[in-house]
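Close look at the chain arrangement
This is what each chain is made of:
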Amino acid sequence: MFHVKQFDVVVVGAGHAGCEAALAASRMGLSTLLVTLDSKKIAEMSCNPSIGGVGKGQLVKEIDALGGEMGKNADFTGIQFKRLNTRKGSAVQSSRCQSDKHKYAKRMAGLILDQPNVSVVEGEVKNISVDGARVRGVEVFWEAGSAEVLCKSLVLTTGTFMQGLMHCGEIKSAGGRFGEKASLGLSDCLRKQGFSLLRLKTGTPPRLIRSSIDFAQMEEQTGDRNPRKFSVWNTRIVLPQVSCFLTHTNQQTHKIIRDNLHRSPLFGGEIKGIGPRYCPSIEDKVVKFPQKDRHQIFFEPESLDSDWVYPNGISTSLPSDVQEAFVKTIPGCQNVVLARPGYAVEYDCIDPRQLERNFEAKNLSGVFFAGQINGTSGYEEAAAQGLVAGINAALSVRCMPPLILSRTESYIGVMIDDLVTLGVSEPYRMFTSRAEFRLSLREDNADIRLSEHGYRVGLLKREDFAQVKQRKYKIECLGRYLRETQLIPNEGIQKQLDRLGSPQLSGPQSLNQLLKRPELGLNNISQLAALPGELQVDEMCAETLELEVKYEGYIEIQKQEIIRLQKMQQLSIPNGVEYSKIAGLSTELREKLSTARPKTLADAANISGVTPSALSALLYHVKKKKGQGKKGSRPVTPSAI
Ligand SMILES: Cc1cc2nc3c(=O)[nH]c(=O)nc-3n(C[C@H](O)[C@H](O)[C@H](O)COP(=O)(O)OP(=O)(O)OC[C@H]3O[C@@H](n4cnc5c(N)ncnc54)[C@H](O)[C@@H]3O)c2cc1C
């Protein structure tokens, strides 16, 4: 089976986390083995055929900026692109695309199979072999036998497969995903290695046959007229763009669901794993929101070449006959044919508080975890973790310092920080509200924020990084010009302002000040004051500059806050601190801190379970002890450390 039995990095799992991890490690020049249960299911979209969304679009942009693949793959295989929240503030605007799920998986699989340094093997990893507290390799099983493969770093990305148990009404079957077997064995091995595991659950709706649906009874939802791609690199939107359709459930749908709750594994107590509150099943919605007489459903095509449609909003684990009955009550679905029933899956994952910020296990050197196995949900969350874990697995082989992304510079850093300090009580997904500095962590500036890391670790080429530096330089030059150039009002200018619906000038004003007006864009400014040719910028630079100017005040406050927090991280904690006396700390944290005796606030933040509010309490105590805590002054919340 194996010609080579020794690799620098072994990645277990070829989902969204595993693909990014394997590509990152191999592109960084390390020999990489990707082991997966089914090599025909590489980069499979288990649920919704889409990439991005609110909070998730930011993750995709950051993956792209670091040199990952998800954004590029989404561009080449997207069939409807849409900017979300465009009527809201720029901090919460995100990109989403409807993907052709078959083409998405095919292109990603092709990249991996063509990638030098990566070997793909179909098999099941059941054991991790160790030398003391360090990984030695994995034991891979397949029908004809098993073999030990040695590695210096191991990345585990088993998704929903560990002890996967699928539920569809009364029917239960072992499996990680419809038609795919579960991973049995690895959970026990992890427990033996001292990991504590959790049981979570997620679900998916039935798939419907397109030709059996009457879309005329639904509301057409087209994509953006000028679709914008995810990647800042050399990609194109190449596939024909298609529509989605909006419809709703109704009282009749809800009655059928309510009448059959006794057959639901969710309500009958069969499902023990905890599901995502923010993404409830339709039976959950009907029970929890009895006052709502309808719930919206988006009908999304799965692929240009398939007759399957994904009804987004009716995830369910009710029996298939009940699913068919309630779907038929939905306008346009009277004659619907189900291609496949919906189901729920329970699976094992680890408590992510057992991980360092580089995703390496605290108790087992060289073992990294990424994706759903860390208690998250979603392709984007998985891919972002896979990329960071793959990079760090490679850096560890090279004995180089890890890549640690902070929550002040990235959404990925926010996610990592949340996972390793707070852990999870339900599948974790990204929201813009999780990022305190979201106004600075926008989609448009992801490349400026993060590409230096991608270049430093070797995932971005010199010319890619040079392109970003050039973009940054252009924005700075034009920004300076706008600040330094005054517009002197004359009759022509006042008339133009009238035409643009903007108040006339009472005297000279800087172009920067003028751009702060909500009704004016950079294109208007360049009409009012012809900008020098060498300062002309493209649409991307214009967007970043406009946002930086319009939100200048808020962004500056965030910058100061970040600097203050960074300084605070260096604050030393005196030796004699009595943690048992600090108000606001749990008994568990008091014990942990007393044992660890961190030297700085940053060290304290790295201890699992140390929450932002615990840090706040510690900071207040330390400052008071040092005589800096002013009487009555409120402790700051160092939530951004
Ligand atoms: C039924 C269902 C519903 C979902 N609903 C949603 C949703 O509504 N919203 C959302 O955001 N996300 C949803 N998801 C989750 C989404 O699919 C995952 O978050 C994402 O795919 C996780 O990526 P991953 O790489 O961590 O794992 P996966 O994509 O699950 O990939 C895991 C990989 O590991 C391999 N593997 C597992 N164990 C072993 C082993 N021992 N040896 C070798 N290979 C192994 C598998 O073959 C597979 O290739 C759903 C998933 C499922 C299954």
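The rules behind these values
The numbers attached to residues start from 1 for each chain and follow its sequence in the written order. Residues qualify for local features only when their pLDDT is at least 70, as the model is predicted, and side-chain atom pairs are given and counted only at 80 or more; totals for whole chains, interfaces and linings, by contrast, use all residues. To get the side-chain values, all heavy atoms of the structure are used, and hydrogens and water are removed first. Helical segments are the DSSP runs of H or I of at least four residues, strand segments are the runs of E of at least two, and each set is numbered from the N terminus. As defined in this context, the radius of gyration uses C-alpha atoms, and a globule is described by 2.2 Å times the residue total to the power 0.38. Between buried and exposed lies partly exposed: a residue is buried under 20% and exposed over 50% of the maximum accessible area for its type, with that area taken using a 1.4 Å probe on protein chains only. Annotation comment: domain bounds sourced from an automatic or database domain assignment. We call two residues in contact when some of their heavy atoms are within 4.5 Å. To get an axis, a line is fitted to the C-alpha atoms, and for a helix only the part in contact is used. The angle between two axes follows their N-to-C directions and goes from 0 to 180 degrees. In this scheme, roughly parallel covers angles under 35 degrees and roughly antiparallel covers those over 145, while 65 to 115 is roughly perpendicular and the rest are oblique. Here is the rule for handedness: rotate from the far helix to the near one, and if that takes an anticlockwise turn smaller than a right angle the crossing is left-handed, while a clockwise turn gives right-handed. Residues are grouped as follows: Ala, Val, Leu, Ile, Met, Phe, Trp, Tyr, Cys and Pro are nonpolar; Asp, Glu, Lys and Arg are charged; all remaining types, including Gly, are polar. The salt bridge definition used is simple: a Lys or Arg side-chain nitrogen within 4 Å of an Asp or Glu carboxyl oxygen. Stacked, edge-to-face and tilted labels apply to pairs of Phe, Tyr and Trp rings (six-membered ring for Trp) whose centres lie within 6.5 Å, assigned for plane angles under 30 degrees, over 60, and everything in between, in that order. Only lysine NZ and arginine CZ atoms are considered, and such an atom sits over a ring when it is within 6 Å of the ring centre and within 35 degrees of the ring normal. What qualifies as a polar contact is a pair of N or O atoms within 3.5 Å, subject to a donor-acceptor requirement within protein and to the restriction that residues adjacent in sequence count only when both atoms come from side chains.

Attention now moves to the overall build of the chain. A tally of regular secondary structure across the chain gives 20 helices and 22 strands. The C-alpha radius of gyration of the chain comes to 26 Å, within 12% of the 26 Å expected for a compact globule of 641 residues. Reported as C-alpha extents along the three principal axes, the dimensions of the chain are approximately 80 × 70 × 55 Å. With 641 residues in all, the chain has 56% of them scored as buried.

The domain architecture assigned to the chain consists of domain 1 (6-201 + 347-456), domain 2 (207-345), domain 3 (463-556) and domain 4 (570-625). Look at where the C-alpha atoms of domain 2 and domain 3 centre, and you get two points 44 Å apart.

Tracing the chain through its elements places Leu531 in the loop between α15 (522-528) and α16 (539-550). By relative accessible area, which is 10% here, Leu531 ends up buried. Here the alpha-carbon distance between Leu531 and Lys181, two residues 350 residues apart in the chain, equals 62 Å. Contact partners of Leu531, with chain neighbours within four places excluded, come to Leu478, Tyr481, Leu482, Leu511, Ser526 and Gln536.

Next up on the list: the packing of helix α6 (residues 251-259) against helix α8 (residues 320-327). Where α6 contacts α8, the axes come no closer than 8 Å and their chain directions differ by 165 degrees. By the criterion of interaxial angle, the relationship of α6 to α8 is roughly antiparallel. Of the two elements, α6 crosses α8, and the hand of that crossing is right-handed. Between α6 and α8, the residues in contact are Thr253, Ile256 and Ile257 and Val322, Ala325 and Phe326, respectively. The class makeup of the residues in the contact of α6 with α8 is 5 nonpolar, 1 polar and no charged.

Turning next to the pattern of salt bridges. With the rule as written, the count across this model stands at 41 salt bridges. In this structure, Glu124 and Lys181 form a salt bridge, with 3.7 Å as the shortest nitrogen-oxygen distance. With Glu124 in strand β7 (residues 124-131) and Lys181 in the loop between β11 (171-174) and α5 (186-192), the pair connects residues that are 57 residues apart, well separated along the chain. A relative accessible area of 48% places Lys181 in the partly exposed class. Salt-bridge contacts for Glu578 lead to Lys581; the nearest nitrogen and oxygen are separated by 3.2 Å. Among the residues examined, Glu578 registers a relative accessible area of 43% and is labelled partly exposed. Among the residues examined, Lys581 registers a relative accessible area of 58% and is labelled exposed. One salt-bridge network, held together by shared partners, links Arg357, Arg407, Asp417, Asp418 and Glu436.

The next subject is the packing of aromatic side chains. For the coordinates displayed, the defined rule picks out 6 aromatic pairs. Here the aromatic rings of Tyr278 and Phe431 are separated by 5.5 Å at their centres, their planes lie at 80 degrees, and the arrangement is edge-to-face. Within this pair, whereas Tyr278 is found in the loop between α6 and α7 (282-288), its partner Phe431 is found in the loop between α10 (411-422) and α11 (446-457), the two being separated by 153 residues in sequence. The exposure class of Phe431 is partly exposed, given its relative accessible area of 25%. Lying over the aromatic face of Phe141, Lys126 brings its terminal NZ or CZ to 5.0 Å of the ring centre. In this structure, Arg434 is placed above the aromatic ring of Tyr428, and the distance from its NZ or CZ to the ring centre is 3.9 Å.

Attention shifts here to the side chain of Arg96. By secondary structure assignment, the location of Arg96 is in strand β5 (residues 94-99). A polar contact is formed between the side chain of Arg96 and the side chain of Gln98, at a distance of 3.0 Å.

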